[in-house]
Amino acid sequence: MSLAMIWPGMGDPTKRKKTLRFLAITAVIAISVGVASSLIQGQLSSNDPLKVCINDKDTQFVISATLELYVDGNEADVPANIGFEDGCQKSLYTITGDGTIYAEWTEEYPFEIGHFLWSWDFPIKDMELDKSRVLVNGKESPHFINELLVDGYHYRAEFTSKDYDASKDADFMPPDL
């Protein structure tokens, strides 16, 4: 008796040949599907303004807006040079750290404040979305981060993080008499 394990379908030489053939065909199909989906995804995103570099594009649509960002009641900086990586300039970017956002594309495109946050890698998943809000020119937006960027508008995003302890903001001491 042999102590070596015999895998199902590998004991009989005829079954072994059929099993190996089946595994080879399955591997070829899986690799083909993977390569084809990668090529299709690449073609579909080649004109996506949120994913491509605009260095060599003739951008006719250019807007700028300002963003104030608050996290847990504290003002957070919008850093300079968002949207610039390895010689690639993205369509949503900042140049300075003053909160001015620029959006450029070859034609008019419905850029949203959320697109900018996504391109910046802002940790939106770490925020309590039901306790956060976006104000546009001083008025709360019903669209939250889906609010469209409009040239010259001022946006104020107020986020509350999931690990924020609101009790730290309250003073439970009795008032001075």
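Use the structure listed above.
Quantities reported herein were computed from a predicted structural model and do not represent experimental measurements.

*Asks:* Help me out: how do you make sense of the overall build of the chain in this one?
*Replies:* When helices and strands are tallied, the chain shows 2 helices and 9 strands. Walking the chain from its N terminus toward its C terminus, one meets helices and strands in the order α-β-β-β-β-β-β-α-β-β-β. Looking at the chain as a whole, 31% of its 177 residues are labelled buried. Pairs at least 24 residues apart make up 60% of the contacts formed inside the chain by residues separated by at least 6 positions. Summed over its atoms, the accessible surface of the chain is roughly 12400 Å², and 56% of this surface lies on carbon and sulfur atoms.

*Asks:* Sorry, what's going on with the pairing of strand β6 (residues 100-105) here?
*Replies:* One face of the sheet, then the other: side chains in a regular strand alternate in exactly this way. With respect to burial, β6 is a largely interior element, 5 of its 6 residues being buried. As judged from the 6 bridges shared by strand β1 (residues 61-71) and β6, these two strands associate in the antiparallel manner. The residue of β6 that forms the bridge with alanine 65 is isoleucine 101. Where strand β5 (residues 92-93) and β6 come together, 2 bridges link them in antiparallel fashion. Note that in β6 the partner of leucine 92 across the bridge is alanine 103.

*Asks:* What is the right way to look at the pairing of β1 in this model?
*Replies:* The pairing of β1 with strand β9 (residues 154-159) spans 6 bridges and is parallel. Bridging from a neighbouring strand, valine 71 pairs with phenylalanine 159 of β9. The loop that links β1 with its antiparallel partner strand β2 (residues 74-76) comprises 2 residues; one of these, aspartate 72, has a positive phi angle of about 55°.

*Asks:* Just checking my understanding: could you explain the nonpolar core for this structure?
*Replies:* In globular proteins that are soluble, nonpolar side chains generally tend to be buried together. Phe116, Leu149 and Phe159 are the most contacted members of the largest nonpolar core, which has 31 residues in total. If you list the elements that add at least two residues to this core, you get β1, β5, β6, α2 (113-120), β7 (133-136) and β9.

*Asks:* Sorry, what's going on with the pattern of salt bridges here?
*Replies:* Two side chains with opposite charge may pair up if their charged atoms get near one another. In the structure shown here, the tally under the stated rule is 4 salt bridges. A salt bridge links glutamate 140 to arginine 133; its shortest N-O distance comes to 3.6 Å. Among the residues examined, arginine 133 registers a relative accessible area of 29% and is labelled partly exposed. A salt bridge links glutamate 158 to arginine 156; its shortest N-O distance comes to 2.6 Å. If you follow the salt bridges from partner to partner, you end up with Glu68, Arg133, Glu140, Arg156 and Glu158 in one network.

Reading the values: the criteria
- Residues numbered from 1 in each chain as written.
- Predicted model: local features only at pLDDT ≥ 70, side-chain atom pairs only at ≥ 80, totals over all residues.
- Heavy atoms only, no water.
- Helix = DSSP H or I, 4+ residues; strand = E, 2+ residues; numbered from the N terminus.
- Buried < 20%, exposed > 50% of the residue type's maximum accessible area, 1.4 Å probe, protein only.
- Contact = heavy atoms within 4.5 Å.
- Areas by Shrake-Rupley, 256 points an atom, 1.4 Å probe, with all protein chains shown as cover.
- Pairing = 2+ DSSP bridges.
- Core = buried A, V, L, I, M, F, W, Y, C linked by side-chain atoms within 4.5 Å.
- Salt bridge = Lys/Arg side-chain N within 4 Å of Asp/Glu carboxyl O.

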